[in-house]
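So the chains spell out like this:
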There are 2 protein chains.
Amino acid sequence: MATQTKPVLHGYFRSSCSWRVRIAFALKGIEYDQVPVNLIKDGGQQLTEPYKALNPMQQVPAVEIDGVTLSQSLAVIQYIDETRSGPRLLPADPKKRAQVRMISDMIASGIQPLQNLHVIQKIGAEKVQWSQYFINRGFQALEPILKQTAGKYCVGDEISMADICLVPQVFNAERFKVDVGQYPTIQRLNQTLLEIEAFKESHPSCQPDTPPDLRA
Amino acid sequence: MATQTKPVLHGYFRSSCSWRVRIAFALKGIEYDQVPVNLIKDGGQQLTEPYKALNPMQQVPAVEIDGVTLSQSLAVIQYIDETRSGPRLLPADPKKRAQVRMISDMIASGIQPLQNLHVIQKIGAEKVQWSQYFINRGFQALEPILKQTAGKYCVGDEISMADICLVPQVFNAERFKVDVGQYPTIQRLNQTLLEIEAFKESHPSCQPDTPPDLRA
C-alpha cells in the first residue's frame, strides 16, 4: 500500500453527492485531493470534454482511486468500505445492511435525482415547488422507516452509509425551504450527526471551492 | 432454513424495478410469491393505506423476506445475494463490484427515477420527450462505460446486478421509442441477456398480472 497515491475527488462544495463521498473519506480517515468542478461557472464545468471523459454522465462526483475512475457516490462509498480499514460504513448484519441500502437508495434514487441541478433547470419556473414536492414525498416515507430502524443513528447505533446520505439531503431540503421540523426523527438524526467531526469538516461551508460569502 | 417461508414480491408486471427483483430471484433459483399492485387501476393501488404500510414511498417493488419488508430494488437484490446461495450477483473483485454498482446506479439513480410513472404524470403533456431526453442522456453515458467494462455481459463475462438493471431499462427505452440502435454495446448486451432463461421467465410479457393483450 506504500506506493498508493491519494484518491482524487472531482466534486463541488454544494453538491450533496460530493458531500456524501467527503463524509465517507473523513469517517475512514482517508486523505484525498479535491479538484473543484464548478457546476455554475462557464455554463457548468461538468459539461467540458475533459470532465466528460472522467464521468460521461457529466455529474459530480467522480473519484480517481486505485487506478480506476468511479462515479455514483454509493458505488464509491461501498468501494471505500470494502477496500479500506477504519469504521465500517455498512453493518455486518445482512438485514441491517439491507436497511442501510434501502434508506440510502430512498434518498439517492427516490429524492436527490428529482431535485438535482440539471433536472430543476429543465423544470424552470416551477423548480422550487417541484423540489419541495419530491423532498417532502421522500421525507414522509423516510420518517416512519427511520422511526423503526434508528437508534442513535439511522440504523441502530452505528454510523452508516444511510447517515452519509441523510445529512446532505437535509441540507438540500433546507436550501429549498422545506420545513424539516415536520419530520422529528429526521431532524433529530441530522442534528446528532452534524455534531460529528467527519460531517463538520466535509460540510459545504468549508471546502476549498466554497465562495467566501458562503463560508461558515 | 427449513422453516423459512417463501419471499413475497409486491410488484407490477411492467415496472422495471419489479422486473429487476424478478430477474434476481430467477438467477438465484429462489421460489417466491407475487402479489400484483396495479399502478394504474383504481387510481393506483400503490396509494392505498395497506400498501403504504408496506412501502411508505408508495412505489413497487416491496419484498417481504425473512421477517423484514424491504423496498428499493438494489437493496433487495444485494440482500438476496448476501444471504442466498447460487450464482453471485456481484463479482468477488472489489473494483469490478464497484463498476457493477456504478452501472447499476447510473440506471437506478440516473435514469429510471426521471422516467417513472409518478414523475411523468407530473410532467404531463411533455412526458414522452422528457423521458426520451433522460434515457438518451443516460445511455450516452452508459455506452462508453460499458464499452470499457463489458465482456459477454455488462462487467466481464459474469452476469451481475448491472445486467439486471440494464435489460429492464432498455425495455423502458423501447416503450418510449428511444432508438436503442444508437448504442451498439447496450443493444448487444440486451440481446444477449434476453436469451437467458432468468430474463425470459421474469419478462413483463408473462407475469401473473400481465393483461391478456400484452402477453407474449
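Computed from a predicted model, the values in this text were never measured in an experiment.

Asks: Mind showing me how you'd approach the interface of chain B and chain A here?
Replies: Reports of interface size often rely on the accessible area that becomes lost once the parts have come together. Listed per partner, the contact involves 41 residues of chain B and 41 residues of chain A. Broken down residue by residue, the surface that chain B buries against chain A is led by Met57, Lys95 and Arg137 of chain B, which jointly contribute 15%. Our count for the chain B to chain A interface comes out at four salt bridges. Of the charged contacts in the structure, one is a salt bridge between Arg97 of chain B and Glu82 of chain A, with a shortest N-O distance of 2.9 Å. Between chain B and chain A we count 13 residue pairs in polar contact (both at pLDDT 80 or more) in total. Among the elements that make up the side of chain B that touches chain A, the one with the highest residue count is helix α4 (residues 94-108) of chain B (ten residues).

Asks: Quick question: what am I supposed to make of the packing of aromatic side chains here?
Replies: Two aromatic rings, taken as a pair, are described by how far apart their centres are and by the angle between their planes. For the coordinates displayed, the defined rule picks out 13 aromatic pairs over all chains. A ring pair is formed by Trp19 of chain B and Phe171 of chain B, whose centres lie 5.5 Å apart and whose planes are at 85 degrees; its orientation type is edge-to-face. Taken as a pair, Trp19 of chain B in helix α1 (residues 16-28) and Phe171 of chain B in helix α7 (residues 161-175) lie far apart in primary sequence, 152 residues in all. Accessibility expressed as a relative area gives 1% for Trp19 of chain B, which makes it buried. Considering the side-chain rings of Phe25 of chain B and Tyr32 of chain B, the 4.5 Å spacing of their centres and the 20 degrees angle between planes classify their relative orientation as stacked. Taken individually, Phe25 of chain B and Tyr32 of chain B each receive the classification buried, so the pair is uniform in this respect. Positioned over the ring face of Tyr133 of chain B is Lys122 of chain A, at 3.7 Å from the centre of the ring.

Asks: What is the right way to read the UniProt feature "domain: GST N-terminal" (unreviewed entry) in chain A from this model?
Replies: The UniProt record annotates "domain: GST N-terminal" (unreviewed entry) at residues 5-88 of chain A. Summarising residues 5-88 of chain A: 36% helix, 19% strand, and an end-to-end C-alpha distance of 22 Å.

Asks: Just checking my understanding: could you explain the UniProt feature "domain: GST C-terminal" (unreviewed entry) in chain A for this structure?
Replies: Under the UniProt annotation, the feature "domain: GST C-terminal" (unreviewed entry) is placed at residues 93-212 of chain A. The span residues 93-212 of chain A shows a helical share of 63% and a strand share of 0%, and its end C-alpha atoms are spaced 44 Å apart.

Asks: Any chance you could explain the pattern of salt bridges here in plain terms?
Replies: Two side chains bearing opposite charge may form a pair once their charged atoms approach each other closely. All names here are of chain A. Applying the stated criterion across every chain, the model contains twelve salt bridges over all chains. Two residues, Lys6 and Glu31, come together in a salt bridge whose shortest N-O distance is 3.9 Å. Pair noted here: Lys6 is in the segment before β1 (8-11) and Glu31 is in the loop between α1 (16-28) and β2 (33-36), with a separation of 25 residues, a long-range link. Lys6 sits in the partly exposed class, given a relative accessible area of 41%. Taken together, the shared-partner salt bridges in this structure form one network comprising Lys6, Glu31 and Asp33.

Asks: Even after reading the chapter, I still don't get helix α7 (residues 161-175) of chain A, so can you show me in this structure?
Replies: Along an α-helix, residues three or four apart share an orientation, since each turn contains 3.6 residues. Residue and element names in this part refer to chain A. Along its 15 residues, α7 runs 22 Å from first to last C-alpha, staying within 8% of the 21 Å computed at 1.5 Å per residue. In terms of burial, α7 is largely enclosed, as twelve of its 15 residues are buried. Every buried residue of α7 is listed here: Met161, Ala162, Asp163, Ile164, Cys165, Leu166, Val167, Pro168, Gln169, Val170, Asn172 and Ala173. Its buried side turned inward, α7 meets α1, α3 (73-83), α4 (94-108), α6 (127-149), α8 (184-194) and α9 (197-201). Taken from the residues just after α7, Lys177 is the one with a positive phi, measuring 60 degrees.

Asks: I tried to follow the pairing of strand β3 (residues 62-65) of chain B on my own but got confused; where do I start?
Replies: On any regular strand, side chains alternate: one points to one face of the sheet, the next to the other face. Residues and elements named next belong to chain B. Bridging between strand β1 (residues 8-11) and β3 involves three bridges; their strand directions are antiparallel. When the sheet's bridge partners are listed, His10 is paired in β3 with Ala62. Bridge count between β3 and strand β4 (residues 68-71): four bridges; the pairing is antiparallel. The partner of Val63 across the bridge, within β4, is Leu70.

Asks: Which parts of the structure should I look at to understand the sheet that holds strand β3 (residues 62-65) of chain A?
Replies: In a beta sheet, neighbouring strands are held together by backbone hydrogen bonds and run either parallel or antiparallel to one another. Residue and element names in this part refer to chain A. Read from one edge to the other, the open sheet built from four strands follows the order β2-β1-β3-β4, with strand pairing classed as mixed. A single partner strand is all that each edge strand has here, and the edge strands are β2 and β4 (68-71). Neighbouring strand axes in the sheet, compared pairwise and without regard to direction, differ in orientation by 20 degrees on average. Against the sheet, α3 touches β3 and β4, its axis set at about 130 degrees to β4.

Asks: Explain the sheet that holds β3 of chain B to me, please; I cannot follow it from the model alone.
Replies: Residues and elements named next belong to chain B. Pairing within the open sheet is mixed, and its four strands lie in the order β2-β1-β3-β4. Each edge of the sheet is formed by a strand with only one pairing partner; in this case those strands are β2 (33-36) and β4. Averaged over neighbouring strand pairs, the angle between their axes works out to 20 degrees when direction is ignored. Sitting on the sheet, α1 touches β1, β2 and β3, and the angle it makes with β1 is about 155 degrees.

The rules we used
Residues numbered from 1 in each chain as written. Chains lettered and ligands numbered in written order. Predicted model: local features only at pLDDT ≥ 70, side-chain atom pairs only at ≥ 80, totals over all residues. Heavy atoms only, no water. Contact = heavy atoms within 4.5 Å. Buried area = accessible area lost by both parts, 1.4 Å probe. Salt bridge = Lys/Arg side-chain N within 4 Å of Asp/Glu carboxyl O. Polar contact = N/O pair within 3.5 Å; in protein donor to acceptor, adjacent residues only side chain to side chain. Helix = DSSP H or I, 4+ residues; strand = E, 2+ residues; numbered from the N terminus. Phe/Tyr/Trp six-rings, centres within 6.5 Å; stacked < 30°, edge-to-face > 60°. Buried < 20%, exposed > 50% of the residue type's maximum accessible area, 1.4 Å probe, protein only. Lys NZ or Arg CZ within 6 Å of the ring centre and 35° of its normal. UniProt positions renumbered as here; feature names shortened; annotations may be inferred. Expected span 1.5 Å × (residues − 1). Pairing = 2+ DSSP bridges. Axes fitted to C-alpha atoms, helices over the stretch in contact; angles between N-to-C directions.

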